[in-house]
Amino acid sequence: MSDASPTPRTGPVLGVFAHPDDAEISAGGTLAKWCAAGREVHLLVLTNGDRGSSDPLRDRGDLAATRLAETQAAAEVLGLASARVLGIADGELENTHVVREAVIRRIREVRAETVLSVDPTAWFFENRYYNHTDHRRAGEIALDASFPGAGNPHFFPEHLGEGLDIREIHDIWLGWTNEPNHIEDVSGSFETKIAALAKHESQLTEGIGFFEEFLAKEAAELGEKIGVGHAEDFRVLDLS
């Protein structure tokens, strides 16, 4: 893998992910690192996570409310400037005009320079797992909202009438990818990633606890490739 050596950025970031806890699992170290460096980082979660339970008696509305609170608690640990969760039901995310409008609006509101999401082309991970449909859709939506959406005044021109302006996205970082071209050193922020993930308490009994050991092993292995303690890998698109 040849490193993409992304152009250093300092402007606002918008993370676009499918579920509560996706951001922490896939890119929590990088998000925490950017926040600690003074970047203004915002999170937009597209579904409310209301099916994130194997208990058939669990009330979905109650679970959605719990997961919203957990998302906000995790955002505080990471140091995010904001975290919002849309009301779309878990498992029902589609790349529609309505959803793209919400993402483009948020890009323009926070004046994002960088968008962080997941790689929509990653369907299969070895022979053990295939990617959740919501993850794939979230990546598609993030890409389509970034280009041509947010930078074109003819996409949702009503935004301009509300005082928002078009935004040209400079770079896009895609986690959960089979085609990484950049490894990011997160040695100083990996512990923050795990602490933020722990705030998603409702998911600890649903298997999320497995990730602490798995993520530490994965981050150490990636770190070895560039001579650091912990790292995360991405497919980075430099659009500027």
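Above this note sits the structure.
Residues numbered from 1 in each chain as written. Predicted model: local features only at pLDDT ≥ 70, side-chain atom pairs only at ≥ 80, totals over all residues. Heavy atoms only, no water.

Asker: Report on the side chain of Thr-177, specifying residues and quantitative values.
Answerer: Following the sequence through the fold, Thr-177 ends up in the loop between strand S7 (171-175) and strand S8 (182-185). One polar contact links the side chain of Thr-177 to the main-chain amide nitrogen of Glu-179, over a distance of 2.9 Å. Setting aside residues no more than four positions away along its own chain, Thr-177 makes contact with Asp-119, Ala-122, Phe-234 and Arg-235. (Helix = DSSP H or I, 4+ residues; strand = E, 2+ residues; numbered from the N terminus. Polar contact = N/O pair within 3.5 Å; in protein donor to acceptor, adjacent residues only side chain to side chain. Contact = heavy atoms within 4.5 Å.)

Asker: Please set out helix H3 (residues 97-110) residue by residue, giving values where relevant.
Answerer: Across its 14 residues, H3 extends 20 Å between first and last C-alpha, which sits within 8% of the 20 Å expected from 1.5 Å per residue. Every buried residue of H3 is listed here: Val-99, Glu-101, Val-103, Ile-104, Arg-106, Ile-107, Arg-108 and Val-110. Contacts made by the buried residues of H3 are with strand S1 (13-17), strand S2 (41-47), strand S3 (82-88), strand S4 (114-118), helix H4 (133-150) and helix H5 (158-161). With its phi angle positive at about 60°, Arg-111 sits one or two positions after the end of H3. (Expected span 1.5 Å × (residues − 1). Buried < 20%, exposed > 50% of the residue type's maximum accessible area, 1.4 Å probe, protein only.)

Asker: Residue-level account of the packing of aromatic side chains, with values.
Answerer: Scanning the entire structure with this criterion turns up 3 aromatic pairs. Consider the rings of Trp-34 and Trp-173, whose centres lie 5.0 Å apart with planes at 85°: the pair is edge-to-face. Note that Trp-34 is positioned in helix H1 (residues 22-36) and Trp-173 in strand S7, a separation of 139 residues in sequence. With respect to class, Trp-34 is no different from Trp-173; both count as buried. Measuring from ring centre to ring centre gives 6.4 Å for Trp-123 and Phe-124, while their planes differ by 40°; the resulting arrangement is tilted. Exposure remark for Trp-123: the relative accessible area of 40% places this residue in the partly exposed category. Here Phe-124 falls in the exposed class, since its relative accessible area comes to 54%. In textbook terms, an aromatic cluster arises when at least three aromatic residues are bridged by ring pairs, as seen for Trp-34, Trp-173 and Phe-234. (Phe/Tyr/Trp six-rings, centres within 6.5 Å; stacked < 30°, edge-to-face > 60°.)

Asker: With reference to specific residues and values, describe the pattern of salt bridges.
Answerer: This structure, assessed with the given rule, holds 17 salt bridges. Here Arg-51 makes a salt bridge to Glu-92, at a shortest N to O gap of 3.0 Å. Taken together, the residues Arg-51 in the loop between S2 and helix H2 (60-78) and Glu-92 in the loop between S3 and H3 connect sequence positions 41 residues apart. Residue classification places Arg-51 among the partly exposed residues on the basis of a relative accessible area of 40%. Taken together, the salt bridges that share partners define one network made up of Arg-9, Asp-171 and Asp-238. (Salt bridge = Lys/Arg side-chain N within 4 Å of Asp/Glu carboxyl O.)

Asker: How would you summarise the layout of surface pockets if you had to cite specific residues and measurements?
Answerer: By volume, the largest pocket is sized at about 1,300 Å³. Forming the boundary of the largest pocket are 41 residues, of which Ile-25, Tyr-129, Trp-176, Phe-211 and Phe-214 lie nearest the centre. Looking at the lining of the largest pocket, the elements with two or more residues in it are H1, helix H6 (190-197), helix H7 (210-226) and strand S9 (231-238). At 10 residues, the largest contribution of residues to the lining of the largest pocket is made by H7. The residue inventory of the lining of the largest pocket, partitioned by class, reads 15 nonpolar, 11 polar and 15 charged. Put simply, the second largest pocket is a space of about 170 Å³. (1 Å grid on protein atoms, 1.4 Å probe; cavity = no way out; pocket = protein on both sides within 12 Å on 5 of 7 lines; lining within 4 Å. Points joined across faces, edges and corners; volume = space filled by probe spheres on them. Nonpolar A, V, L, I, M, F, W, Y, C, P; charged D, E, K, R; others polar.)

Asker: So what's going on with unusual backbone geometry? Residues and values would help.
Answerer: Going from Phe-147 to Pro-148, the amide bond is cis rather than trans, its omega being 5°. Structurally, the position occupied by Pro-148 is in helix H4. With a phi close to 55°, Phe-156 is a non-glycine residue in the positive phi region. Tracing the backbone shows Phe-156 in the loop between H4 and H5. Overall, the relative accessible area of 7% leaves Phe-156 in the buried class. Unlike most non-glycine residues, Trp-176 shows phi in positive territory, near 45°. Along the chain, Trp-176 turns up in the loop between S7 and S8. Residue Trp-176 is classed as partly exposed on the basis of its relative accessible area, which comes to 21%.

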